[in-house]
Amino acid sequence: IDPTYRIADFFESYQIPLTLFVNVTEVMAYERYDLPAAQVYTSQLRDLHKRGHDIQLHFHPQWLDYRRKDGQWLNESLISYATQSLDYHQWYDALVSCRDWLTEITKEVPTAYRAGGYCIEPLDTNMQVLSQIGIKCDSSLHGRDAQPYKIGDILEVPIYGDSLGRWDMSGRMKDAAYL
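Fair warning: this is a prediction, and the values are worked out from it, not measured in the lab.

A. Up close: the environment of Y92. Inspection of the secondary structure assignment puts Y92 in helix α4 (residues 88–106). A C-alpha to C-alpha distance of 8.7 Å links Y92 and Q132, two positions 40 residues apart in sequence. Those residues in contact with Y92 that lie beyond four places of it in its chain are V129, Q132 and I133.

Right under this line is the structure:
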């Protein structure tokens, strides 16, 4: 909570809004167990949205069936961190639920998405579901040069570019003209 507010305050000082990809499945798990963190988290999201920041959808499927016992999270989920473990209908229903939850919090339908752990496989199925629920932009993949491109009707904005292109292994830029 505090680090997010510090980042938001910093960007606000330059009048730049943040795009925050919210792991909705985790917050929904907190709500299932009536944990105080759920209220704190949703209050922060409402506040940041009122302050002009962009709140978008992030998804870690393993949280769909995480359980708690004796005050501890049990990581015994049969659903892996990747969406491949979900069939089409499970994936669709989970994303609709997450989209609707986030819409209730912000009063805006999310239009961007980021997969947990960069796992958006199977790509064709997942892009189809994202499109069906109103997502226009995805930021889950890596790109060769970090340039946006289309996958069907979804705009893919890569997280970052392949470091083998413009950077050498020490992190120094090879092609100064690119800047």
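B. Structural view of the packing of aromatic side chains. Going through the model one piece at a time under the given rule, you end up with 11 aromatic pairs. Between the aromatic rings of Y66 and W73, the centroid separation amounts to 6.2 Å while the plane-to-plane angle is 45°, which identifies the pairing as tilted. Given the relative accessible area of 10%, Y66 is considered buried. Look at W73 and you get partly exposed, because its relative accessible area is 25%. Relative to Y113, the ring of W91 has its centre 6.1 Å away and its plane inclined at 75°; by these criteria the two rings are edge-to-face.

C. Structural view of the nonpolar core. V24, F59, L95, W101, Y113 and L130 are the most contacted members of the largest nonpolar core, which has 32 residues in total. Mapped by element, the contributors of at least two residues to this core are β1 (19–23), α2 (24–32), α3 (36–50), β2 (54–59), α4, β5 (112–115) and α5 (123–132). Excluding anything up to four places from it in sequence, L130 contacts L95, Y113, I120, I135, D138 and I154. Counting residues in hydrophobic clusters, the runner-up holds 5 residues, among them A29, Y30, A38 and Y66.

D. Quick peek at the pattern of salt bridges. One pass over the full model with this rule turns up 5 salt bridges. Here D100 ties to R99 by a salt bridge, and the two come within 3.0 Å at their closest N and O atoms. With a shortest N-O distance of 3.1 Å, E104 and K107 are connected by a salt bridge. Under the relative-accessibility criterion, E104 is labelled partly exposed at 49%.

E. Layout of a nonpolar patch on the surface. A contiguous nonpolar patch, built from F10, Y14 and I16 and spanning about 330 Å² of accessible area, is present on the exposed surface. Considering the arrangement of structural elements, one finds I16 in the loop between α1 (2–13) and β1. The exposure class of I16 is partly exposed, given its relative accessible area of 39%.

F. Here's a closer look at the pairing of β2. Summarising burial for β2: 5 of the 6 residues are buried, a large majority. Two strands pair when backbone bridges link them, and β1 and β2 are joined in this way by 5 bridges, in the parallel orientation. Residue pairing in the sheet places F21 in a bridge with Q56 of β2.

G. Spotlight on the side chain of E26. Mapped onto the elements of the fold, E26 is located in helix α2. At 9.4 Å, R68 is the nearest oppositely charged side chain to E26, a buried residue that forms no salt bridge.

H. Examining the confidence of the model for the chain more closely. In this model, the chain carries an average pLDDT of 85, and 84% of its residues clear a pLDDT of 70 or more. A low-confidence stretch, residues 165–179 stays under pLDDT 50, and its non-local contacts, those more than four residues away or across chains, total 17 contacts.

Definitions and limits used
Residues numbered from 1 in each chain as written. Predicted model: local features only at pLDDT ≥ 70, side-chain atom pairs only at ≥ 80, totals over all residues. Heavy atoms only, no water. Helix = DSSP H or I, 4+ residues; strand = E, 2+ residues; numbered from the N terminus. Contact = heavy atoms within 4.5 Å. Phe/Tyr/Trp six-rings, centres within 6.5 Å; stacked < 30°, edge-to-face > 60°. Buried < 20%, exposed > 50% of the residue type's maximum accessible area, 1.4 Å probe, protein only. Core = buried A, V, L, I, M, F, W, Y, C linked by side-chain atoms within 4.5 Å. Salt bridge = Lys/Arg side-chain N within 4 Å of Asp/Glu carboxyl O. Patch = residues over 30% accessible without salt bridge, like charges linked within 9 Å, V, L, I, M, F, W, Y side chains within 5 Å. Areas by Shrake-Rupley, 256 points an atom, 1.4 Å probe, with all protein chains shown as cover. Pairing = 2+ DSSP bridges. Lys, Arg positive; Asp, Glu negative; His and termini not counted. pLDDT = per-residue confidence, 0-100.

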